[in-house]
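Examination of the molecular architecture
So you can see what is in the structure, the chains are spelled out below.
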Amino acid sequence: MATVPVEATRSARTDGSAQKDGSAGTDGPARAGTTGSARAAGSARTSSRPSWSTRTGRRSGRSAPAGDRGGLPRARPAVVRRRTARALLGGAVAVLVAVAHQTRPAPYGDRLVPHARVEERAPGAPSSGVPLRTARGAVEAYDTATGRARWTYARESRRPLAVLPARGHAIALWDDGLVTDVTRHDGSAVHWHRALPGTARWLTEHGADGVLRLLDGGVLAVVTPERVAAYRVADGGLRWILPTRPGCRFVPARAVRHGGVLLIARPCPAEDRWTAGLVAVDGLGVVTPHRAPPREGARGERHSAEHPRPGKVVAPPR
């Protein structure tokens, strides 16, 4: 058996180790370089991502921790703009409604204008008899000492034909067949309006002489050729209506007041009796024997003045 020297064995081991080390040294640095490049690229990408700043609420170049949500969210401009637009629109609509309410035309074309300051009167004291007149297409209440107007009541495109003073009231008849009532003392308000149907043309041709008549009990009688209507002066409530007979017509200018009764001419060509040409009325209606007065609680109840009972006239059952 041959003997191998010790130096040769050591050199062979050394060469093998060198070969292993050389291969490792060749592959190792490449792998290390690749891994390092990947890590560097990852670090660069991570550092380049913007993140929310916990202090300012804005994005910054530094990355924030995943669990950190303490930053305040930024307000959305679109939402703010919509809310502002809605608020401005609501305010504009409110202003337009207020302006329209102030500029809307008065009912029936009323134009009630106070001209002078009227002295205050104690509650319950009787109202002073302020004189009335029609002038320049309006109803005027004037001061007797100075002659100046205290208040003026006019209606657009209308003309007053007659004015009737009552206790605390100024009642006027207009050319369109409308009857109105104004506070006589200071002209502060128009209390009521009542229309007379089908009388505008007749009023224009014949005038308003005798149309407005005051009756006892605070009742106003409006006499027209077709009918006589009675209203409460206080509130304009209808008390009764007296229609004329067929072939007959009332003549307001020939009405005469006798005591508490108003005698109205009602010519009837078909009647021979002279009494048929007259009708007597008062605040309760037609004056007839054994007349039952209307109920006081029936406010505004419409019934014929010729009917002896104040109840409503209904048809008999079939």
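So, here's what we can say about the structure. (Residues numbered from 1 in each chain as written. Predicted model: local features only at pLDDT ≥ 70, side-chain atom pairs only at ≥ 80, totals over all residues. Heavy atoms only, no water.)

So, about the state of the cysteines. Across all of its chains, the model carries one disulfide by this definition. For Cys248, the disulfide goes to Cys268, at an S-S distance of 1.8 Å. Taking the torsion about the S-S bond as the criterion, the Cys248 to Cys268 disulfide, at about 130 degrees, is right-handed. Of the two residues, Cys248 is situated in the loop between strand E14 (238–243) and strand E15 (251–258) and Cys268 in the loop between strand E16 (261–265) and strand E17 (278–282); the sequence distance between them amounts to 20 residues. (Disulfide = S-S within 2.5 Å. Helix = DSSP H or I, 4+ residues; strand = E, 2+ residues; numbered from the N terminus.)

On to the sheet that holds strand E3 (residues 110–114). Read across the open sheet, the four strands follow the order E3-E6-E5-E4; overall the sheet is antiparallel. Each edge of the sheet is formed by a strand with only one pairing partner; in this case those strands are E3 and strand E4 (132–135). Taken pair by pair, the neighbouring strands of this sheet meet at an average axis angle of 20 degrees, ignoring direction. Note: E4 against strand E5 (residues 138–142), four bridges, orientation antiparallel. (Pairing = 2+ DSSP bridges. Axes fitted to C-alpha atoms, helices over the stretch in contact; angles between N-to-C directions.)

Within this structure, the stated rule accounts for one aromatic pair. Lying across the ring of Tyr142, Arg133 places its NZ or CZ 4.2 Å from the centre. (Phe/Tyr/Trp six-rings, centres within 6.5 Å; stacked < 30°, edge-to-face > 60°. Lys NZ or Arg CZ within 6 Å of the ring centre and 35° of its normal.)

Right, let's get into the side chain of Arg155. Examined against the element boundaries, Arg155 turns out to sit in strand E6 (residues 149–155). What makes Arg155 buried here is its relative accessible area of 7%. In terms of polar contacts, Arg155 uses its side chain to reach the backbone carbonyl oxygen of Tyr108, at 3.0 Å. Other than its neighbours up to four places away in sequence, Arg155 contacts Tyr108, Gly109, Asp110, Trp174, Asp176 and Leu178. (Buried < 20%, exposed > 50% of the residue type's maximum accessible area, 1.4 Å probe, protein only. Polar contact = N/O pair within 3.5 Å; in protein donor to acceptor, adjacent residues only side chain to side chain. Contact = heavy atoms within 4.5 Å.)

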